[in-house]
Amino acid sequence: MNGVQLLSEPLVSRRTMALAVGGLVGVLVVRALMGLQVGGEPTSRLLAEAGPLAVLVVAAAVTLRTALGFERGESLRRQWSLIGLGLLALVGGELASFFAGAALGASAAPGLPDALRVTGYVLLCTGLLLAAFSYRDLIDARVPLAVSAVVSYGIGIVVYFSLLEPYVIAGGGLTGTARALAVFYPLADVLGALAPALFLTIVVSRLYGGRLSWPWIAFALGVLALGVSDTAHSVLSSADLYRPGHPLETGWLLAPILMAIGASIASDVVELPLGE
Amino acid sequence: MLAQEVRDVLHPYVGPIIADTCVRATALSVGKTCEQLDPGDIPVLSANIRRLLSPIASRPTIETIVARISA
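As the structure is a prediction and not an experimental result, all values here were calculated from the model. Within any chain, residue numbers begin from 1 and follow the written order of that chain's sequence. Chains carry letters from A onward and ligands carry numbers from 1 onward, assigned in written order. With the structure being a predicted model, the display of local features is reserved for residues of pLDDT at least 70 and the display and counting of side-chain atom pairs for 80 or more, all residues being used for whole-chain, interface and lining totals. Only hydrogens and water are set aside when side-chain values are computed; all heavy atoms of the structure are taken into account.

Some remarks on helix α1 (residues 14-35) of chain A
Residues and elements named next belong to chain A.
Then comes step 1: When the terminal C-alpha atoms of α1 are compared, their 31 Å separation across 22 residues agrees well with the 32 Å that a helix rising 1.5 Å per residue should span.
Then comes step 2: Burial classes: relative accessible area under 20% of the type maximum marks a residue as buried, over 50% as exposed, and values in between as partly exposed (1.4 Å probe, protein chains only). We count a stretch as a helix when DSSP gives it H or I for four or more residues in a row; a strand needs E for two or more, and each element gets its number in order from the N terminus. Listed as buried for α1 are Thr16, Leu19, Gly23, Val27, Val30, Arg31 and Met34. For α1, the buried positions fall inside an angular range of 95 degrees around the axis, keeping them on one side. Turned more than 90 degrees away from the buried face of α1 sit Arg14 and Leu28, all of them exposed.
Then comes step 3: In the segment just after α1, Gln37 is the residue with positive phi, at about 55 degrees. Helix span is expected to be 1.5 Å times the residue number reduced by one. Note that the arc is defined by the directions from the helix axis to the C-beta atoms.

Set out below in structure tokens:
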């Protein structure tokens, strides 16, 4: 048997289980090393940079593998390819940021890292929207679209006026482009990633737990974790309360793992058919 | 009853509502009620399932579903 036995048939592959267990153990180990200050601040700083990057690389690789597993011309191949390329662009953004930081001693913003991150958001958003609209012949997408738009814009307004405006814009901790980016990223998370992820989640919730919904639900949870961590990071940075090793970084580790699990489950649906 | 058997095959993948949508769409297209569908309608059912599920499921998954219905 090449899958893990759940109920009466294997529904989740060993690969997916390994991602889930290995990812969780990895997050716990990284958090423990940082919490115990093993190796001092340089190690904490390295783990804070390399940990999220490593899991993002895994998420991009698993997602692109899933995309290429679908046949040419298939709708799912297009959706997962866009998402995978979006994650790859985010990896590029993090790498560029890492090397810019190493070379210049501080992150140069805005620059190549930000261009890659914005490209990543656009691709991710497009892939998620394509996935949600692929259900239009089966489900009336108007209500999910309206609900997700109202909720996301509502969250965006709350985030802006209760967190970004008082702490980032008026707080004075950041200036110039650094301040603009500290406002941009949380809003991009909410409007560019969370909104389409929520739209997709509401759409696939109409499958009432049907197997085709599992990949998207796991992936949407990852997007949610990313959004929460990015927003918290912007607010804490502006108040000068953020230090490498802060608990908010758990979200940056968990988000790509959840995304990778979602992409892996999408492959499982094909590789482990029911009733075989 | 064929309609219920088809719903039972589709249900684990797409849930009860979309499973019912696929069956009802087929019944409508052949001018029958869901209960009146019979084995002679399986080719139309299969074609409808392929058409409706192709944007959201892979070809192997759809063919697995169709094969189970045809069996």
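So much for the structure itself; the text now carries on.
Some details on the environment of Gly73 of chain A
Then comes step 1: Mapped onto the elements, Gly73 of chain A comes out in the loop between α2 (40-69) and α3 (75-104).
Then comes step 2: Between the C-alpha atom of Gly73 of chain A and that of Gly192 of chain A, which follows or precedes it by 119 residues, the distance is 26 Å.
Then comes step 3: If we skip the residues at most four places from it in the chain, Gly73 of chain A touches Arg78 of chain A together with Arg59 of chain B. Here a residue-residue contact requires only that any non-hydrogen atoms of the pair lie within 4.5 Å.

Let's talk about the side chain of Ser229 of chain A
Then comes step 1: Checked against the element boundaries, Ser229 of chain A lands in helix α7 (residues 214-238).
Then comes step 2: Setting aside chain neighbours within four positions, we find Ser229 of chain A in contact with Leu248, Gly251 and Trp252 of chain A.

A look at the interface of chain B and chain A
Then comes step 1: Between chain B and chain A, the contact holds 22 residues from the first and 25 residues from the second.
Then comes step 2: Once two parts are joined, some of their accessible surface, as seen by a 1.4 Å probe, is lost; buried area is that loss totalled over both. Across the chain B to chain A interface the summed buried area is about 2,000 Å²; carbon plus sulfur atoms make up 63%.
Then comes step 3: Area buried by chain B at its contact with chain A is led by Tyr13, Ile56 and Arg59 of chain B, which between them contribute 33% of it.
Then comes step 4: Every case where a carboxyl oxygen of Asp or Glu lies within 4 Å of a side-chain nitrogen of Lys or Arg is listed as a salt bridge. Where chain B packs against chain A, one counts one salt bridge.
Then comes step 5: In this structure, the salt-bridge partner of Glu71 of chain A is Arg59 of chain B, at a minimum N-O distance of 2.7 Å.
Then comes step 6: Of all the secondary structure elements, the ones that give two or more residues to the side of chain B that touches chain A are α1 (2-29), α2 (42-53) and α3 (59-70) of chain B.
Then comes step 7: Broken down by element, the residue count for the side of chain B that touches chain A peaks at ten residues, all from α1 of chain B.
Then comes step 8: Here the side of chain B that touches chain A is built from residues that sort into 13 nonpolar, seven polar and two charged. Each residue is assigned to one of three groups, with Ala, Val, Leu, Ile, Met, Phe, Trp, Tyr, Cys and Pro labelled nonpolar, Asp, Glu, Lys and Arg labelled charged, and all others, Gly among them, labelled polar.

Here's the deal with α3 of chain B
Then comes step 1: In a regular helix each residue adds 1.5 Å, so twelve residues correspond to 16 Å; α3 of chain B covers 16 Å between its end C-alpha atoms and thus fits that length.
Then comes step 2: Those residues of α3 of chain B that sit buried are Thr61, Ile62, Thr64, Ile65, Val66 and Ile69 of chain B.
Then comes step 3: Buried positions along α3 of chain B lie against α8 (249-271) of chain A together with α1 and α2 of chain B.

A short note on the side chain of Asp189 of chain A
All names here are of chain A.
Then comes step 1: In this fold, Asp189 is placed in helix α6 (residues 176-205).
Then comes step 2: Buried charge without a salt bridge: Asp189, with Arg117 as the nearest opposite-charge side chain at an N-O distance of 9.8 Å.
Then comes step 3: Within 3.5 Å is the distance limit for a polar contact, defined as a pair of N or O atoms, with the added protein rule that one can donate a hydrogen and the other accept it, and that residues adjacent in sequence qualify only through two side-chain atoms. Side chain to side chain, Asp189 and Tyr121 meet in a polar contact 2.5 Å long.
Then comes step 4: Ignoring any residue separated from it by four or fewer positions in sequence, one finds Asp189 in contact with Tyr121, Leu194, Leu226, Gly227 and Asp230. Positive charges come from Lys and Arg, negative ones from Asp and Glu, while His and the chain ends are left out of the count.

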